[in-house]
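Spelled out, the chains give:
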Amino acid sequence: MNSNKKQTILDYSCFIICLFLLSGYLNAQQRPTFGEDLAFLNQKIKPIILKTGENRQVLVSAEYQGRVMTSTSNGAKGDSYGWFNKRIISSDTVNKSICSLGSAGRIWFGPDQGPYSIFHEINTTTGKAEYAAPKDLNTLPFKVYKQTQTSVELGNTLHLENLKGFEFDIDVKREINILSQKNIEDNLDIDLGKKVKFVGFKTKTSMKNVGDKDWSKTTGLLSLWDLGCFYPTPKTTVVIPLKGDAKEATIYFTEIDDTRIAIKNNVIFYKADANYLNKIGTLPEHTLPYFGSYSPELNLLTIVQFSFDGDRDYVNSHSVNIQEQYRGDVINVFNDGKIGNIGPFGPFYELETSSPAKALKIGERIQHTHKTYHFEGSKKVLNQITKHVLGVSIKTVINALP
């Protein structure tokens, strides 16, 4: 990997503060059932349950800004696929710490690092930038606009400000749909048959410039960011097919070696075991609108599919390589882990996608779609899906990294 894309431990301070807030201290092997997660959340909020088929369910929270908290392919007794922070939800500060809750699908905004960051503010005493999550992302619940058995539309108006002092007033809408078997088969061009358990959901998020100023690159732009937190296992491997002649990924936070990342036949294989804090990304010229992860221990395949039209302007959230502020990543993957005696923070790993950065005029809107699919079944059955969608076999994924 290119050394100028790596970051030393001295650059962690703001990021560590954010991760401390995410910390949940749940053993990766102690995954709750969907019913257990539902019972827990019923004590705190009014969960919105989307259903299709006999056992497929998705749990959404309006109180926590349209988060898809978790999902299941096998009803109340089935595994809960999404990781979220029970410690914070159980605390008295939850309504002041919403942005730190995790979940299987949440709204975020970029950039979170660099000179146009909306997650930092200037300390008036020291003159230095310090981590500070936007107030509205920490405190503002969403309103439910429409709801059916299979979909819900939520939103609110948020006020954000970047390090340059530019203020964004945005109307945010988030439409979440649980996907039918036919939806999933059509979207991925696959035949699921009867030997695989599955669930899929789509989030379509939009933001409209409702402020009194047009947005521009010189004052900073925003991107929509969709992030999903999931339970890791020692052999969980993320698979990112690439286009073009890609030689490297963008590397964040820590140096990384070939025991944790490899590019083979234009496919990135990345270890997501929550045992080494790191993050990677792909630039638009190498991005295809799908990627995934596979856990052989759980016989669980996760696929993410998202909207991508070949745009090249994406916000740069790297805190070191900040020369080009609109040459950022489309896909990001975060792996939880430790820095010294700190961490892990879930443990979890994260599959993330972003919208392009657009100079929205007053009244203009941009949207981003992010679809998440989970498949449980035998290696033989899942192999058919990985080969067709990701272009590699299960055997290749299992053997890609030590």
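Residues numbered from 1 in each chain as written. Predicted model: local features only at pLDDT ≥ 70, side-chain atom pairs only at ≥ 80, totals over all residues. Heavy atoms only, no water.

Chemist: Just give me the short version of the nonpolar core, but keep the residues and values in it.
Modeler: Within the largest apolar cluster, 67 residues are counted, with the highest numbers of intra-cluster contacts made by F109 and I170. Of the residues forming this core, the biggest block, 5 residues, is contributed by strand β9 (residues 167–178). If near-sequence neighbours (up to four positions away) are discounted, F109 is found in contact with I118, F119, L137, L158, L160, I170, V172, M207, S223, L224 and W225. (Core = buried A, V, L, I, M, F, W, Y, C linked by side-chain atoms within 4.5 Å. Buried < 20%, exposed > 50% of the residue type's maximum accessible area, 1.4 Å probe, protein only. Helix = DSSP H or I, 4+ residues; strand = E, 2+ residues; numbered from the N terminus. Contact = heavy atoms within 4.5 Å.)

Chemist: If you had to explain the packing of aromatic side chains to someone new, which residues and values would you point to?
Modeler: Within this structure, the stated rule accounts for 13 aromatic pairs. Ring plane angle 35 degrees and centroid distance 6.3 Å describe the contact between F40 and F84, whose orientation is recorded as tilted. Placement of F40 in helix α2 (residues 34–42) and of F84 in the loop between β3 (67–72) and α3 (86–89) is noted, with a sequence separation of 44 residues between them. No difference in accessibility class separates F40 from F84, as the two residues are buried. Consider the rings of F119 and Y131, whose centres lie 6.5 Å apart with planes at 20 degrees: the pair is stacked. One end of the pair, F119, is in the loop between β4 (106–110) and β5 (120–122); the other, Y131, is in strand β6 (residues 129–131), and 12 residues separate them in sequence. (Phe/Tyr/Trp six-rings, centres within 6.5 Å; stacked < 30°, edge-to-face > 60°.)

Chemist: Please set out the sheet that holds strand β1 (residues 48–52) residue by residue, giving values where relevant.
Modeler: Strand order in this open sheet of 3 strands is β1-β2-β3, and the pairing throughout is antiparallel. On the outer flanks of this sheet lie β1 and β3, each paired with one strand and no other. Going from strand to strand, the sheet's axes swing by 20 degrees on average, the running direction of each strand aside. Against the sheet, α2 engages β1, β2 (56–61) and β3, with an angle of about 145 degrees to β3. (Pairing = 2+ DSSP bridges. Axes fitted to C-alpha atoms, helices over the stretch in contact; angles between N-to-C directions.)

Chemist: Hey, could you go over α2 for me, with residue numbers and the actual values?
Modeler: For α2, the full list of buried residues reads F34, D37, F40 and L41. Along the axis of α2, the buried positions cluster into a sector of 125 degrees, meaning they face one direction only. The elements touched by buried residues of α2 are β1, β2, β3 and α3. (Arc of directions from axis to C-beta.)

Chemist: Pulling in residues and values, what's your account of the pairing of β4?
Modeler: Buried residues dominate β4, accounting for 5 of its 5 residues. Every second residue of β4 is oriented toward a common face, with R106, W108 and G110 on one face and I107 and F109 on the other, all of them buried.

Chemist: Tell me about helix α6 (residues 379–390), residues and numbers included.
Modeler: Taken as a whole, α6 has its buried residues at V381, L382, I385, T386, V389 and L390. All buried residues of α6 project into a common sector of 130 degrees when viewed along the axis, lining one side. Turned more than 90 degrees off the buried face of α6, the exposed positions are K380, Q384 and K387. For α6, the elements touching its buried residues are α5 (181–188), β12 (237–241), β17 (290–295), β18 (300–306), β21 (365–376) and α7 (394–399).

Chemist: Run through the sheet that holds β4, naming residues and quoting values.
Modeler: Overall, antiparallel pairing links the 6 strands, which are arranged β4-β11-β20-β19-β16-β13 in an open sheet. The strands lining the two open edges of the sheet, one partner per strand, are β4 and β13 (250–252). Across the sheet, the mean angle from the axis of one strand to that of its neighbour is 25 degrees, orientation sign disregarded. Taken together, the 5 bridges between strand β16 (residues 278–282) and strand β19 (residues 331–335) define a ladder with antiparallel strand orientation. Residue pairing across strands places K279 opposite F334, the latter belonging to β19.

Chemist: How would you explain the pairing of β12 if you had to name every residue and give the values?
Modeler: Here β12 lies mainly inside the structure; 5 of its 5 residues are buried. By the alternation rule, side chains of β12 split into T237, V239 and P241 and V238 and I240, which are all buried. When β12 meets strand β15 (residues 267–271), the two strands line up antiparallel, connected through 5 bridges. Bridging from a neighbouring strand, I240 pairs with I268 of β15. Across 3 bridges, β12 lies against β17 in antiparallel orientation. When the bridges of β17 are listed, V239 appears paired with G292.

Chemist: Any chance you could break down the pattern of salt bridges for me, citing the residues and the numbers?
Modeler: Evaluated as defined, the whole model comprises 15 salt bridges. With its nearest N and O atoms 3.6 Å apart, the salt bridge here joins K213 to D212. What makes D212 exposed here is its relative accessible area of 65%. A salt bridge links K217 to D313; the shortest N-O distance between them is 3.0 Å. Of this pair, K217 sits in the loop between β10 (197–209) and β11 (223–230) while D313 sits in the loop between β18 and β19, placing them 96 residues apart in sequence. Residue class for K217 comes out partly exposed when judged on its relative accessible area of 39%. (Salt bridge = Lys/Arg side-chain N within 4 Å of Asp/Glu carboxyl O.)

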